[in-house]
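Structure assessment
Residue strings, one per chain:
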Amino acid sequence: MAGQHLGVTPPISTSPPTARDLEVSTTLLQELKDRNVYEGPEEARTRELVLGQLNTLVKQFVYRSSISHGFTEAKAREAGGKIFTFGSYRLGVHGPGADIDTLCVVPKHVERDEFFTLFEEMLTAAEGVVEVTVSFTMSPLIWALRLTIFTPQAVPDAYVPIIKCTISGIDIDLTFARLALPMVPDELELHDNDLLRNLDERCVRSLGGSRVTDEILRLVPNVPVFREALRTIKLWAKRGSIRRSQTSRMQVIDLAVYLTGRAIYSNVMGFCGGVAWAMLVARICQLYPMGCLGSIISRFFIIMHQWQWPQPVLLKNIEEGPLAVRVWNPRLYPSDRSHRMPIITPAYPAMCSTHNVTVSTQSVMTAEFKRASDIVDKVFVGSVPWSDLFLPDDFFTQYRYYLQVTAMSSSAETQLKWSGTVESRIRQLVMKLEYVETIKLAHPYLKGFDQVSHCLTVPERELVARGDIPLEVSTRTEADLTTEAAGTVWTTTFFIGLVIDRNPGASAKAPKKLDISYPTNEFTKLVKMWDKYDPNSMGVMVRYMKAGGLPTYVHDGRQIPIPHPEPSKTGGTKRSKNNKQAALNTTNLQPEETEPLPMDEENRRSAKKIRSSSFVPENHATLPGVSPTPEASPLSVTTALAAATAATEGTLSDSNNGFSASSTRSGNGTLSLSPEIGTGNQLPGFASVGA
């Protein structure tokens with residue numbers, strides 16, 4: 001009918017695609033195929049069989065639960081139970097090897113505890129099922145749709161616990177929702193808002209994932225075009241990395257295939273998550289309902305680069321519903337007015353899927369939209385191929401300064417939960433850094449780097465706990481742990497790139513100080529407020545470093561040149577007594593011309609670098625159990641970790657570029673470390689690491 005349209009506004013254009021639009025669409029589809037984003041028919045059939053097996057298992061689970069609650073045989077059979085999918089699989093944009101986000105819906109008499117006991121036992125015993133675990137990590141879609149903002153004390157409860165398993169080679173994430181119904185028939189659909197009545201918050205969150213996914217598909221005019229466009233945007237935004245097992249075969253790997261994406265796909269780190277990207281693509285499809293793949297991608301980057309934030313992105317008008325829950329409304333709620341890039345979910349209750357976006361991450365995404373728009377323009381005129389759009393990000397060569405956040409623990413199980421807690425707080429650190437006057441941008445990298453280090457001595461554990469892993473430790477296996485002092489340390493390291501304002505209003509000769517002690521102190525206090533935090537087995541350290549000091553593993557096996565120093569404002573060479581040494585350093589920027597250091601010399605320089613760049617913990621004393629000599633007790637495995645559990649103090653400096661730092665001890669005993677003082681201060685418990 002004339003006048004009807006999808007979306008909150010009429011389409012911008014209903015013109016059919018041009019011949020050039022269709023031509024570039026064909027080449028883009030070929031690029032996607034070359035990058036192996038589609039699963040094969042055999043894997044697709046396996047997924048269908050696995051989901052059928054899961055659905056049958058859920059019905060058996062509900063039946064056994066019903067019998068235990070006193071139901072008759074007939075009533076127990078009628079109770080039903082059903083599996084729903086959501087996320088990339090439900091949207092139809094999953095790739096080979098992708099997991100399936102699955103929702104187990106049961107009637108009201110089935111208890112949540114039974115899902116994590118009885119159903120887990122049934123799942124473990126089922127044919128073809130391996131690696132069944134209960135995890136408190138959250139599906140990215142459910143993370144984006146959670147109803148409450150985390151408070152430090154509520155982290156465990158705010159997560160939706162899930163069961164992870166692998167069935168016939170397919171990874172499955174299972175969440176749980178209990179409806180206020182006596183039975184769950186096969187024909188049940190979840191779009192009815194009344195189904196949310198009398199449910200607890202966890203069930204509403206779990207149901208939200210499936211409801212939002214279904215609503216997105218209902219609101220796009222051309223589902224096949226939407227799916228191909230979303231595949232393209234995911235490939236562009238998501239960071240693809242080399243698997244650890246492939247790294248040893250670098251000589252036969254085409255890096256262009258495995259390294260791709262701009263690293264801006266992470267709701268946790270303050271970027272858009274999967275559901276937000278899907279809604280953005282869906283909105284462009286609504287505005288150009290007749291568009292083909294190439295034209296949708298072109299308009300996507302043009303419009304997103306020019307979008308007038310904080311004007312919200314809506315797929316339909318916000319609706320009221322039967323629950324006494326909060327619906328996104330910036331007129332009523334001040335916190336909703338603070339959202340920088342509001343992208344609102346179409347299913348009731350409407351929520352902002354991008355409330356995590358910060359000033360810095362918005363700036364990064366806007367710059368990426370502009371870059372992509374320029375590249376796509378060149379693709380349309382034929383001057384560059386589509387592959388240029390998917391070139392990998394240059395995060396670890398893009399900035400001169402970085403913050404390194406290392407979470408460490410003494411067991412794999414502990415590290416999984418502890419690193420997740422630290423990761424969920426990185427955004428808070430970024431927001432606090434943005435309040436520092438001299439920081440123009442704090443860009444968090446979207447993923448952490450997991451390392452398992454088998455250490456033979458206490459000094460090795462101390463280095464690892466600070467985020468520096470010697471080469472001999474990185475190549476060691478558990479079988480090499482033969483001494484009493486040996487132990488294993490699990491670490492996850494996150495990075496934040498910093499852009500520093502040169503403060504042109506100040507005197508050119510005056511040193512510019514960057515004091516980030518407050519945001520880093522607040523961050524470490526925040527993560528330690530986790531109710532399961534154990535100082536004897538967990539630690540966190542924040543320290544700054546220059547680009548040249550980044551660990552090699554961040555480059556995914558590529559040989560990356562050290563960034564050249566920033567040019568002087570005068571355009572000439574800075575005259576100083578260190579000019580000769582500066583020229584020498586400039587000539588040695590090519591990594592292939594630099595001979596590797598002997599191992600002991602490398603460790604010595606690494607220790608020296610740490611003393612000149614690490615923030616000093618607040619407790620300037622040797623911790624119990626950490627011996628200043630290598631002959632330490634085996635019990636110091638955990639206490640060495642505790643040494644790195646430190647609030648951070650100090651100022652960042654770069655005397656060669658107009659920055660300096662001071663070393664002072666204030667009246668309250670707080671110590672700030674000066675990089676200009678080579679041997680004045682040491683980290684507590686690290687006395688064995690000398691110059």
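Residues numbered from 1 in each chain as written. Predicted model: local features only at pLDDT ≥ 70, side-chain atom pairs only at ≥ 80, totals over all residues. Heavy atoms only, no water.

Re the overall build of the chain
Secondary structure assignment for the chain yields 24 helices and 12 strands. Out of the 691 residues belonging to the chain, those deemed buried represent 52%. Across the chain, the fraction of contacts at a sequence separation of at least 24, relative to all contacts at a separation of at least 6, is 77%. For the chain, the accessible area works out to roughly 31100 Å², and carbon and sulfur atoms hold 53% of it. (Helix = DSSP H or I, 4+ residues; strand = E, 2+ residues; numbered from the N terminus. Buried < 20%, exposed > 50% of the residue type's maximum accessible area, 1.4 Å probe, protein only. Contact = heavy atoms within 4.5 Å. Areas by Shrake-Rupley, 256 points an atom, 1.4 Å probe, with all protein chains shown as cover.)

A closer look at the pairing of strand β4 (residues 162-167)
Look at any regular strand and the pattern is simple: side chains alternate between the two faces of the sheet. The buried fraction of β4 amounts to five of the six residues, a majority that puts the element mostly inside the structure. Judged from the five bridges that link them, β4 and strand β5 (residues 170-178) form a sheet pairing that is antiparallel. Paired with I163 across the two strands is L174, which belongs to β5. The antiparallel hairpin formed by β4 and β5 contains two residues in its connecting segment, where S168 sits at a positive phi of about 50 degrees. (Pairing = 2+ DSSP bridges.)

Describing the pattern of salt bridges
Enumeration over the complete set of coordinates arrives at 22 salt bridges. Of the charged contacts, one joins K59 and D186 as a salt bridge, the two residues approaching to 2.4 Å between their closest N and O atoms. With a gap of 127 residues between them, K59 in helix α2 (residues 41-68) and D186 in the loop between β5 and α9 (201-218) connect regions that are remote in the sequence. In this structure K59 comes out as partly exposed when scored by relative accessible area, which is 26%. (Salt bridge = Lys/Arg side-chain N within 4 Å of Asp/Glu carboxyl O.)

Some points on the packing of helix α1 (residues 19-34) against helix α14 (residues 293-306)
For any two helices packed against each other, the geometry comes down to the angle between their axes and how far apart the axes lie. Remark: α1 packs on α14, axes separated minimally by 6 Å, with the N-to-C direction vectors making an angle of 90 degrees. As far as their axial angle goes, α14 and α1 are roughly perpendicular. For the pair formed by α1 and α14, the contact residues are D21, V24, S25, L28 and L29 on the first element and L293, G294, S295, I297 and R299 on the second. Residues of the contact of α1 with α14, tallied by class, amount to five nonpolar, three polar and two charged. (Axes fitted to C-alpha atoms, helices over the stretch in contact; angles between N-to-C directions. Parallel < 35°, antiparallel > 145°, perpendicular 65-115°, else oblique. Nonpolar A, V, L, I, M, F, W, Y, C, P; charged D, E, K, R; others polar.)

Description of unusual backbone geometry
For the bond running from W309 to P310, omega is 10 degrees, close enough to zero to count as cis. Structurally, P310 can be placed in the loop between α14 and α15 (334-337). With omega at -5 degrees, the peptide bond leading from Y348 into P349 counts as cis. Positionally, P349 belongs in the loop between α15 and α16 (359-381). Phi at S168 is positive, roughly 50 degrees, even though this residue is not glycine. For S168, the position within the fold is in the loop between β4 and β5. Classification of S168 by relative accessible area gives partly exposed; the value is 45%. Positive phi outside glycine occurs at N198, with the angle close to 60 degrees. Looking at the secondary structure, you find N198 in the loop between β5 and α9.

Section: the side chain of H443
Looking at the element boundaries, H443 is found in strand β7 (residues 439-444). Polar contacts involving the side chain of H443 include one to the side chain of Y399, which spans 2.7 Å. The residues touching H443, leaving out its near neighbours within four places in the chain, are F271, V364, F395, Q398, Y399, F495, I496 and G497. (Polar contact = N/O pair within 3.5 Å; in protein donor to acceptor, adjacent residues only side chain to side chain.)

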